[in-house]
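Residue-level structural notes
The chain contents come next:
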Amino acid sequence: MQLSIVGSGYVGTTIAACFAEVGHDVVNVDIDEETVATLNDGDAPIHEPGLDDLVAEHAGDRLRATTDYAAVRDTDVTFLALPTPSEDDGHIDLSIMKAGARSLGATLAEKDEPHLVVTKSTVVPTTTEEVIAPILEEESGKTLGEDLDIGMNPEFLREGSAVEDFLSPDKVVLGSETERAAGTLRAVFDPLVARAEDPPVVETGVAEAEMIKYANNGFLAAKISLANDIANICKEYDIDSEEVLSAIGLDHRIGSAFLGAGVGWGGSCFPKDVAAIIAAARDVGYDPAMLEAAVEVNDRQPVRLLGRLREHVDPDGARVAVLGLAFKPGTDDVRNSRAIPLVEALLDANADVVGYDPVATENFRDEFPDIEYADSAGEALDGADAALVVTDWPEFADLDTEFDAMATPVVVDGRRIVTRRDGIVYESLV
Ligand SMILES: NC(=O)c1ccc[n+]([C@@H]2O[C@H](COP(=O)([O-])OP(=O)(O)OC[C@H]3O[C@@H](n4cnc5c(N)ncnc54)[C@H](O)[C@@H]3O)[C@@H](O)[C@H]2O)c1
Ligand SMILES: O=c1ccn([C@@H]2O[C@H](COP(=O)(O)OP(=O)(O)O[C@H]3O[C@H](CO)[C@@H](O)[C@H](O)[C@H]3O)[C@@H](O)[C@H]2O)c(=O)[nH]1
């Protein structure tokens, strides 16, 4: 099939390369000329394991990129993979989606055959039908259900394993309102579903598909927060929370994934998506108490970590090493990293901060140009009065003699990754 993908970021590039891999002809439309040129040169514009190889294999053949929306007219289906950031009050900001829909609609005005537009971005319920579809109809002159169909296909990939997650999904969710749209979506996913050895395919409505994405992310974020709540109680009783959480994870009704207690969840999705569904729920008159509590627990974890630090070291004037700046290991992404509120609080307390991350230093430097950065964990620890461990990079588990160079060897571990040893004052958050 001929597919077009509007937006060529983490999601747009990954799905374009993977759709090409399963046999479709794909064109990526992006307003960023550098992104388009990079893709057409056979390189991936983002770093994801396996993506470079797929782009190199298919670019110039089944995969191409352009800044010209006209390319969508030669395709059967368009996926919108545009950013949906947060407004200051947590509401979803749909301005980029609306701009993309306007450009797409204007282009479709010159296409005679019917077209299917599928929302891939994470959007609050009813956005596709009540915001995107009217723009498409107005700009294209087409009529929904006649020569225009809409669909919603939420994406569940994680950064750091995007290709693997997309090609081997736990489930595929196809939201549509007409049999024609459902049939086209099925045809798009058939080769991927066959290759992935038949994961469940959930055929549902468009608004249901939109809500499934928020339910998924909200549940996972709340699961981590509940694990943190339990771990915090364990800490007060001096009970090993890892033993407790791994034991409850053995109950198949609970499951062991996403019970990792620590300094909490960050990243480009959980914080904005939980905020967006809370704001949307309030707009329709519902107070989502559980999701609000999940945010509250998450916001408290960095504060608790600093509290642990203060039990041993006064941050005022102290040299504090922050180990881990990325929002999780395996990525250089620092968006909503837990290191951000921690470094802000340390600077407010007049600490002298030295940050280290294996790959995310440059991105963190954009946010905090004035703190010091080290090239290794050992360099960050050298002369430090305390160390805060914020990201669970595996290399932090191997730190050993590096602690000997600290001025006072106080290690406050927000991820329970450092191996306890003699000669350091080790304090874990949970
Ligand atoms: N990043 C993830 O792990 C992930 C996973 C699942 C779902 N999502 C959702 O997918 C959506 C996209 O997220 P992302 O992380 O891929 O975003 P991104 O910021 O990585 O990429 C967005 C791309 O859109 C392009 N763009 C902006 N305006 C445009 C326009 N008018 N026309 C064409 N291109 C335009 C940008 O140049 C950029 O390349 C969001 O709704 C996000 O919540 C993200
Ligand atoms: O047990 C755990 C698991 C994760 N985290 C934290 O949770 C955050 C998010 O981690 P993860 O879910 O691995 O990363 P993302 O790439 O943000 O992926 C999430 O967000 C994407 C965008 O919506 C979804 O597609 C994915 O399904 C969803 O897992 C990170 O800060 C992790 O450190 C924990 O604290 N404990």
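Note that the coordinates shown come from a computational prediction; the quantities given were computed from them, not determined experimentally.

1. Observations concerning the site of ligand 1
- Around ligand 1 there are 25 residues in total, and V11, D30, Y69, T84 and K272 lie nearest to it.
- In the model, an oxygen atom of ligand 1 is placed 2.9 Å from a nitrogen or oxygen of the V11 main chain.
- In the environment of ligand 1, a nitrogen atom lies 3.5 Å from a nitrogen or oxygen atom belonging to the side chain of E159.
- Coverage of ligand 1 by the protein amounts to 87% of the 840 Å² it exposes when considered alone.
- The residue makeup of the shell around ligand 1, split by class, is 12 nonpolar, seven polar and six charged.

2. Section: the sheet that holds strand β12 (residues 386-389)
- Spatially, the six strands line up as an open sheet ordered β11-β10-β9-β12-β13-β14, and their pairing is parallel. Each of the sheet's edge strands pairs with one partner strand only, and the pair in question is β11 (372-373) and β14 (425-428).

3. Things to note about a nonpolar patch on the surface
- Where nonpolar side chains cluster on the molecular surface, the patch consists of I233, Y237 and I239 and spans about 350 Å² of accessible area.
- Residue position: Y237 is located in helix α8 (residues 206-237).

4. Some details on the packing of aromatic side chains
- Summed over the entire model, instances satisfying the criterion amount to eight aromatic pairs.
- Judged by centre distance (6.3 Å) and plane angle (85°), the ring pair of W265 and F270 falls under edge-to-face.
- The class of W265 is buried, set by a relative accessible area of 5%.
- For the pair F364 and F368, a centre-to-centre distance of 5.0 Å together with 20° between the ring planes defines the contact as stacked. Accessibility classification places F364 together with F368 in one group, the buried group.
- Ring pairing ties together the aromatic residues F19, F79, F166 and F189, which thus form one cluster.

5. Topic: the UniProt feature "binding site: NAD(+)" (unreviewed entry) in the protein
- Look at the UniProt record and you will see "binding site: NAD(+)" (unreviewed entry) annotated at D30, T84, T122, E159, K272 and R335. Spatially, the listed residues are scattered: they cover 306 residues, and their C-alpha atoms lie as much as 22.8 Å apart.
- In this structure, E159 sits in the loop between β6 (148-152) and α6 (162-167).
- Residue E159 is classed as buried on the basis of its relative accessible area, which comes to 11%.
- In this structure E159 touches Y10, E48, S268, F327, K328, T331, D333 and R335, once residues within four positions along its chain are discounted.
- Here the side chain of E159 touches S268 through a polar contact of 3.1 Å, side chain to side chain.
- Topologically, K272 is positioned in helix α10 (residues 270-283).
- Once residues within four sequence positions are removed from consideration, K272 is found in contact with T84, P85, S86 and T122.
- Only 2.8 Å separates the side chain of K272 from the side chain of D273, close enough to count as a polar contact.

6. Quick notes on the side chain of T128
- Mapped onto the elements of the fold, T128 is located in helix α5 (residues 127-140).
- Overall, T128 belongs to the buried group, its relative accessible area being 0%.

7. Quick word on the nonpolar core
- With 56 residues, the main nonpolar core has L323, L346, F364, L388 and F396 as its most contacted residues.
- Residue assignment for this core shows that the elements contributing at least two residues are α8, α11 (289-310), β9 (319-323), α12 (339-348), β10 (352-356), α14 (377-381), β12 and β13 (410-413).
- Non-local contacts of F364, meaning those with residues more than four positions away in its chain, are made with L325, V334, A339, I340, V343, I371 and Y373.
- A65, L116, L167 and V193 belong to the second-largest nonpolar core, a separate cluster that totals 36 residues.

Rules used throughout
Residues numbered from 1 in each chain as written. Chains lettered and ligands numbered in written order. Predicted model: local features only at pLDDT ≥ 70, side-chain atom pairs only at ≥ 80, totals over all residues. Heavy atoms only, no water. Near = heavy atom within 4 Å. Polar contact = N/O pair within 3.5 Å; in protein donor to acceptor, adjacent residues only side chain to side chain. Areas by Shrake-Rupley, 256 points an atom, 1.4 Å probe, with all protein chains shown as cover. Nonpolar A, V, L, I, M, F, W, Y, C, P; charged D, E, K, R; others polar. Pairing = 2+ DSSP bridges. Helix = DSSP H or I, 4+ residues; strand = E, 2+ residues; numbered from the N terminus. Patch = residues over 30% accessible without salt bridge, like charges linked within 9 Å, V, L, I, M, F, W, Y side chains within 5 Å. Salt bridge = Lys/Arg side-chain N within 4 Å of Asp/Glu carboxyl O. Phe/Tyr/Trp six-rings, centres within 6.5 Å; stacked < 30°, edge-to-face > 60°. Buried < 20%, exposed > 50% of the residue type's maximum accessible area, 1.4 Å probe, protein only. UniProt positions renumbered as here; feature names shortened; annotations may be inferred. Contact = heavy atoms within 4.5 Å. Core = buried A, V, L, I, M, F, W, Y, C linked by side-chain atoms within 4.5 Å.

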